[in-house]
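Structural overview
Read off the chains here:
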Amino acid sequence: VVVLGKTGLKHAPRGGDRFIVCLLDQGGGMVVINRITGARDFRMRAPLFTVPAGSAASSDTTVYLASLVDNRIHALSPDSGQKGWHYRAMGTVTSGPLVTPSAPRRLVVFGTDAGEVIALPATGWNEVPPANPSWERRLLDQVGGPMAIPQLTNEGRLEIRVLVPAEDNALYCLD
């Protein structure tokens, strides 16, 4: 049980491999919890220097957050909330970010109202920012709902997909 205090959650928490990131309402910042132990490895509340558009995603070293203000994905320190690198999309981020499992490579995936689905390398918040996406896909219409990352093991090989609902009444399955 994690007591967050009097301030409620702004968005549902999303668990990563190492962290669960709770974004607090009313500008209350974020609380980063160790997924395995339930401990707060860092200070209780890290301030946020951006307005979140939805739930945060995380890797082993970084919190990824879509900004409501500037159409960017921001890489933040889980300890302090300090901004590291950022990536600007052509449209407003409407879904994500999501972080894929580490095999075969870890990606930060998000979708926009311009019909873009973008996958960035999941580099750490204090590392060199990604110069280009790992891949991009243009849909026929805007991303229209929450994306999902199902995974399965087929003949001993991990297969990862990105399911993307779009406003053209289609569900895209991207490899």
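Residues numbered from 1 in each chain as written. Predicted model: local features only at pLDDT ≥ 70, side-chain atom pairs only at ≥ 80, totals over all residues. Heavy atoms only, no water.

Attention now moves to unusual backbone geometry. Here the bond from Gly96 into Pro97 is cis, since omega is 10 degrees, no more than 30 degrees from zero. The backbone of Asn169 shows a phi angle near 65 degrees, a positive value even though the residue is not glycine. Within the secondary structure, Asn169 is located in the loop between strand S14 (162–165) and strand S15 (171–174). By relative accessible area, which is 78% here, Asn169 ends up exposed. (Helix = DSSP H or I, 4+ residues; strand = E, 2+ residues; numbered from the N terminus. Buried < 20%, exposed > 50% of the residue type's maximum accessible area, 1.4 Å probe, protein only.)

Looking now at the nonpolar core. In terms of nonpolar packing, the biggest core is built from 16 residues, with Tyr64, Val108, Phe110 and Leu120 touching the most fellow members. At the level of secondary structure, the elements contributing two or more residues to this core comprise strand S5 (63–66), strand S6 (72–76), strand S7 (83–88), strand S8 (93–99), strand S9 (107–112) and strand S10 (116–121). When near neighbours in sequence (up to four residues on either side) are disregarded, Tyr64 contacts Ala56, Ala57, Ser58, Ser59, His74, Ala75, Trp85, Pro97, Val99, Val108, Ala122 and Thr123. Grouped together as the second largest cluster of nonpolar side chains are 14 residues, Leu107, Val143, Val162 and Ala166 included. (Core = buried A, V, L, I, M, F, W, Y, C linked by side-chain atoms within 4.5 Å. Contact = heavy atoms within 4.5 Å.)

With respect to topology, four strands assemble into an open sheet ordered S4-S5-S6-S7, the strand pairing being antiparallel. One side of each edge strand has no neighbouring strand; the edge strands of this open sheet are strand S4 (57–58) and S7. Of the strand pairs in this sheet, S6 and S7 are connected by four bridges, and their pairing is antiparallel. Bridge pairing in S7 links Arg72 to Arg88. (Pairing = 2+ DSSP bridges.)

With that settled, consider the sheet that holds S9. What the four strands build is an open sheet, ordered S8-S9-S10-S11; its pairing is antiparallel. Edge strands, defined here as strands with exactly one partner in the open sheet, are S8 and strand S11 (135–138). Neighbour to neighbour, the strand axes of the sheet diverge by 10 degrees on average, direction disregarded. In this sheet, S9 lies alongside S8 in antiparallel orientation, the contact comprising four bridges. Considered in S9, the bridge of Val93 is made with Thr112. (Axes fitted to C-alpha atoms, helices over the stretch in contact; angles between N-to-C directions.)

The subject of this paragraph is the pattern of salt bridges. Taken as a whole, this structure holds four salt bridges when the rule is applied. With a closest N to O distance of 3.7 Å, Asp70 and Arg72 form a salt bridge. With a relative accessible area of 19%, Asp70 lands in the buried category. Ionic pairing is found between Arg161 and Asp175, a salt bridge with its closest N-O pair at 3.2 Å. Placement of the pair is Arg161 in the loop between strand S13 (157–160) and S14 and Asp175 in the segment after S15, with a sequence separation of 14 residues. (Salt bridge = Lys/Arg side-chain N within 4 Å of Asp/Glu carboxyl O.)

Per the counting criterion, the structure on display carries two aromatic pairs. Both rings, one in Tyr64 and one in Trp85, keep their centres 6.1 Å apart while their planes meet at 50 degrees; by these two values the pair is tilted. Of the two residues, Tyr64 sits in strand S5 while Trp85 sits in strand S7, which places them 21 residues apart along the sequence. The interplanar angle of 65 degrees and the centroid separation of 6.4 Å between the aromatic rings of Tyr87 and Phe110 together place this pair among those described as edge-to-face. (Phe/Tyr/Trp six-rings, centres within 6.5 Å; stacked < 30°, edge-to-face > 60°.)

So, about the pairing of S15. By the alternation rule, side chains of S15 split into Tyr172 and Leu174, which are all buried, and Leu171 and Cys173, of which none is buried. Strand direction decides the pairing type here: S14 and S15, joined by four bridges, are antiparallel. Note on S15: the bridge partner recorded for Val162 is Leu174. Turn length for the S14-S15 hairpin, with the two strands adjacent in sequence and antiparallel, is five residues, and the turn residue Asn169 shows positive phi of about 65 degrees.

These values are about where atoms sit, not about what they do.
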